Amino acid sequence: MKTYKKGKRKKKTYIILCCEILLIATLTMGIAFYAYSVKLREKGGFYGSESNIAVRIAKPKEENLLPSSLAERIGSSDGKGTDLSEGDAFSEGEDPLKEKDPLKENGGEESGKEEKPVYTYDQGIKWFEPKKEGETVLAFAGDILFDDEYAAMVSIESRQGKIFDSFSEDLLKEMTDADIFMLNNEFTYTNRGEPTAEKQFTFRADPVKSEYLLDMGVDIVSIANNHTYDYGEISLLDTVDTLAGMEMPYVGAGRNIEEASRPFFFETDGLRIGFLSATQIERLENPDTKGATPDSAGVFRCWDGTLLYEKTAEAAETCDFLVVYVHWGSENTDELDWAQKDQALKLAQSGADLIIGDHSHCLQGIDVVEGVPVFYSLGNFLFSSKTLDTCLVKAVVEDGRISGLQFLPAMQKGCRTFLLAGEEKERVLEYMRSISNNVTIDQDGYITY
């Protein structure tokens, strides 16, 4: 029995010794592996671990390896890294040293693209995005009238679709598809004032009717005409307040001459288009429609065109393409007068790139003056119950130059305006050919010069 117990003790001692040897070997291997892992980290191993990020920030291989914003989030320049929070965890395969693009994270455009400038309405500049990259489509029409006392507005209000039923579908599409659509607002927006004494026609509309401009796709209006002041200065002030209140750009009249003669600009990538407007009418020393002065409201008068030429030259220097819209000529005739021709030449020489006219209430001819297209009058657009030929003019601008010009024949009839087709379209085109100079107009109304 004693011999057995002694052998059992010897066996137990042997087992304990083996365990101790195994434990020492395990500890030795652990220490060696830890030392090896430290060396790997110093050489760039275990990419993506938190300790390694701090090491690489402390010892970058090249300057400015990390943007400062990311460095502040995950470590400092002395190598003392901070723990990443749960919200800063990196996804598998993501480079933790690559700064995240906030625009991409928010579903925006790629970074590196120039930010679009932000303009306010009062600055006289509006940013726009053309529907087709690289080209801007401008559209122009003549006179409109929203006065409740006249047939045009009575008809609009009587239709189920209101203003939408007052244009043919194809014409309305051309109006709303244009990048910038301009026309002449031949009345005042007001419920105040008294009609100008002894003036045959005085026009005003309830300010709420200004919303129809938006329905028509209008982007800017001229208020340089002989009806903007029909109910006195208060009516003009109400008009500019109404338009400003809806942030509808306007040119050609204002609270003083500085505002009345100021251009408005539309800007997109690489292109700024300017608009100016003025009126020759009425051609009197003391007109009913008062001209603006340094301290009183009125229109931008240009019977003496000196200031208009100065403003045209100034605007041309600050934009890539300049439109000048002028209220001029004689009513109800396609014959041009000397003042229209004289002013068209001087505007072209001053820097205008396109000249649009109105006031005659009928179509007048097209010409090219020193390389500048001139549409002397676009006639009524939606103004009365008369049956009259009218039009929509389209100009395509690329790189600050006209690349396409088109005259779209239309008709105002029954207080509704629609595009013409077939024989009626050709009739109007042939008429325009007969009264125009220095241009060729094809069967689709495209103009070359």
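As shown above, the structure is provided for reference.
Note that the coordinates shown come from a computational prediction; the quantities given were computed from them, not determined experimentally. Along each chain, residues carry numbers from 1 onward, in the same order as the chain's sequence is written. Restriction of local features to residues with pLDDT of at least 70 applies here, the model being predicted, together with a cutoff of 80 or more for giving and counting side-chain atom pairs; totals for whole chains, interfaces and linings are based on all residues. Side-chain numbers here rest on the full set of heavy atoms in the structure, without hydrogens or water.

1. Some words on the overall build of the protein
Piece 1. Strands here mean DSSP runs of E at least two residues long; helices mean DSSP runs of H or I at least four residues long; both are numbered from the N terminus. When helices and strands are counted, the protein shows 12 helices and 21 strands.
Piece 2. The contact criterion used is simple: two residues touch if any of their non-hydrogen atoms lie within 4.5 Å. For the protein, the proportion of contacts with a sequence separation of at least 24, taken over those separated by at least 6, is 67%.
Piece 3. Each accessible area is a Shrake-Rupley result for a 1.4 Å probe, and residues are judged covered by the shown protein chains and nothing else. Put simply, the protein shows about 23800 Å² of open surface, and 51% of that area lies on carbon and sulfur atoms.

2. Remarks on the sheet that holds strand β10 (residues 271-279)
Piece 1. Here, a strand pair is defined by DSSP locating no fewer than two bridges between the strands. Pairing is mixed across the open sheet formed by seven strands, whose spatial order is β1-β9-β10-β12-β13-β15-β14. Lying at the two open borders of the sheet, with one neighbouring strand each, are β1 (125-127) and β14 (366-369). Each strand axis lies, on average, 20° off the axis of its neighbour in the sheet, ignoring direction.
Piece 2. Both β1 and strand β9 (residues 264-268) contribute to a ladder of three bridges, which runs parallel. Residue pairing across strands places Ile125 opposite Phe265, the latter belonging to β9. Only the stretch in contact is used when a helix axis is fitted, and all axes are lines through C-alpha atoms; the angle between N-to-C directions ranges over 0 to 180 degrees.

3. With respect to the nonpolar core
Piece 1. By nonpolar core we mean a set of buried residues, namely Ala, Val, Leu, Ile, Met, Phe, Trp, Tyr and Cys, connected to one another through side-chain atoms within 4.5 Å. Only protein chains enter the area calculation, which uses a 1.4 Å probe; residues under 20% of their type maximum are buried, those over 50% are exposed, and those in between are partly exposed. Core analysis: the biggest nonpolar cluster contains 45 residues, and Phe146, Phe181, Leu183, Leu213 and Phe381 have the highest contact counts within it.
Piece 2. The residues touching Phe146, leaving out its near neighbours within four places in the chain, are Met153, Ile156, Ile163, Phe187, Tyr189, Ala205, Lys209, Tyr212, Leu213 and Met216.
Piece 3. Grouped together as the second largest cluster of nonpolar side chains are 36 residues, Phe264, Phe321, Leu420 and Ile447 included.

4. Some points on unusual backbone geometry
Excluding glycine, most residues fall at negative phi; most peptide bonds, likewise, are trans.
Piece 1. Between Ile281 and the following residue, Glu282, the backbone shows a cis peptide bond with an omega angle of 0°.
Piece 2. Structurally, Glu282 is set in the loop between β10 and β11 (298-299).
Piece 3. For Glu247, which is not a glycine, the phi torsion comes out positive at approximately 55°.
Piece 4. Considering the arrangement of structural elements, one finds Glu247 in the loop between α8 (233-245) and β7 (250-251).
Piece 5. Despite not being glycine, Asn438 shows a phi value in the positive range, around 65°.
Piece 6. Its place among the elements puts Asn438 in the loop between α12 (422-435) and β20 (440-441).

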